[in-house]
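Fold and contact review
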Amino acid sequence: MNLYHEPSGANIRVDSGIAGKPVIQSFFDPMISKLIVFGEDRESARHGMIDALNNYVIHGIKNNISFLHAILEHKEFIDNQISTKYCDEYTTILIEEIKQKMLDVDIRIPLFAGLIGSLQKEEHSVSNIWDKIGYWRIFMHPSFQIGSEIYKLTIREFSKHQLKLIWNNEETIVDYHCFPNGKAELIIDGQHHLTWLSKPEVGKVLVNSSGTTFEVTRLDLLSVQPEFSGSEGMAESSLENIVSPMPGKVIKICVTEGQAVTKGDLLLVVEAMKMENNILCPGDGIVDRIEVAVGELVDGNTRLIHVKGND
């Protein structure tokens, strides 16, 4: 976990054993905390919960904060027209609303926050002379990726609390203040924005804005290559190196050696944090070797299956 920040204040209670930047082990209960908000009535409690979720920040592990936020702003929930089938009926709609909410965020907020985070000195190995005159001058034209979009910026000036840059062919001034706990306050066009930053690796900054997390990648910096890993649905690994998305236990193997497989076929199932993770084939080929057995404990470095690609 790269960053963990709990909300606090009147009528807010968090039941959790999390502190600092803990490692969540594979057999840990998937519910790492409970957030409780009190109010004079349901509507005041709902608004209080939205504010609390906006200030609940978890980077480094998957969580349901954005999903809970979408529920609280969904019309049927607001009108209290819910039942035990609510999630079954509205999950698809809620996911689309989460995607739309990300599109509605002013992209300058995560972009500029990501730029500021990436310019922190500890991310770069620079000589003393650059420390003295401003090492950012060797990165005058950084480029970034957020989702599928690429953004190019020109830095004019970077100081402890102010950034001057060219955005859409116009000079933009960003006043900011970064705190040791990951909080970063930005002022853009006179508007105050609260963000939260963490840096899982060189060249990548995770930015929370309005309860939404953005991954901001510096394309002009050499980044540490991530481990190949599986994920929900399609594995992000290569055919030769299919691994688990997280530490867990193999509970089912769905293929045999010598079997022909195609992209999207279910290869095996890994149980982690009381959830089943389907490992799907990332491409077409033949199962060359199965390197684990049912019941075996694995982590993100354990090769599960080797698939020989079709030539």
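Quick summary incoming for the structure in this document.

Rules and cut-offs
- Residues numbered from 1 in each chain as written.
- Predicted model: local features only at pLDDT ≥ 70, side-chain atom pairs only at ≥ 80, totals over all residues.
- Heavy atoms only, no water.
- Helix = DSSP H or I, 4+ residues; strand = E, 2+ residues; numbered from the N terminus.
- Expected span 1.5 Å × (residues − 1).
- Bend = angle between axes of the 7 residues up to and from the residue.
- Buried < 20%, exposed > 50% of the residue type's maximum accessible area, 1.4 Å probe, protein only.
- Contact = heavy atoms within 4.5 Å.
- Pairing = 2+ DSSP bridges.
- Axes fitted to C-alpha atoms, helices over the stretch in contact; angles between N-to-C directions.
- Parallel < 35°, antiparallel > 145°, perpendicular 65-115°, else oblique.
- Nonpolar A, V, L, I, M, F, W, Y, C, P; charged D, E, K, R; others polar.

Time to look at helix α4 (residues 86-104). Each α-helix turn comprises 3.6 residues. Residues three or four places apart therefore point the same way. With 19 residues, α4 ought to run about 27 Å at 1.5 Å a step, and its terminal C-alpha atoms sit 25 Å apart, in line with that. The axis of α4 is deflected most strongly, by about 40°, at T92. Along α4, the residues that are buried comprise Y86, Y90, L94 and I98. Against the buried residues of α4 lie α2 (65-72) and α3 (75-78).

Below, the discussion takes up the sheet that holds strand β19 (residues 285-290). With respect to topology, four strands assemble into an open sheet ordered β14-β21-β19-β16, the strand pairing being antiparallel. Where the open sheet ends on each side, the last strands, each with one partner, are β14 (242-243) and β16 (260-261). One ladder, built from five bridges, connects β19 with strand β21 (residues 303-309); its direction is antiparallel. Its bridge partner lying in β21, I290 is registered against I305.

Take the environment of N169 next. Counting through the fold element by element, N169 comes out in the loop between β8 (162-167) and β9 (170-178). Owing to a relative accessible area of 78%, N169 belongs among the exposed residues under this scheme. For the pair N169 and T154, spaced 15 residues apart in the sequence, the C-alpha separation amounts to 9.4 Å.

Looking now at the packing of α2 against α4. Taken N-terminus to C-terminus, the directions of α2 and α4 make an angle of 105°; their axes are 9 Å apart at the nearest point. Comparing the axis directions of α2 and α4 gives the class roughly perpendicular. Here S66, F67, H69, A70 and I71 of α2 come into contact with α4, specifically with Y86, C87, T91, L94, E97, I98 and K101. Partitioned by chemical class, the residues of the contact of α2 with α4 number seven nonpolar, three polar and two charged.

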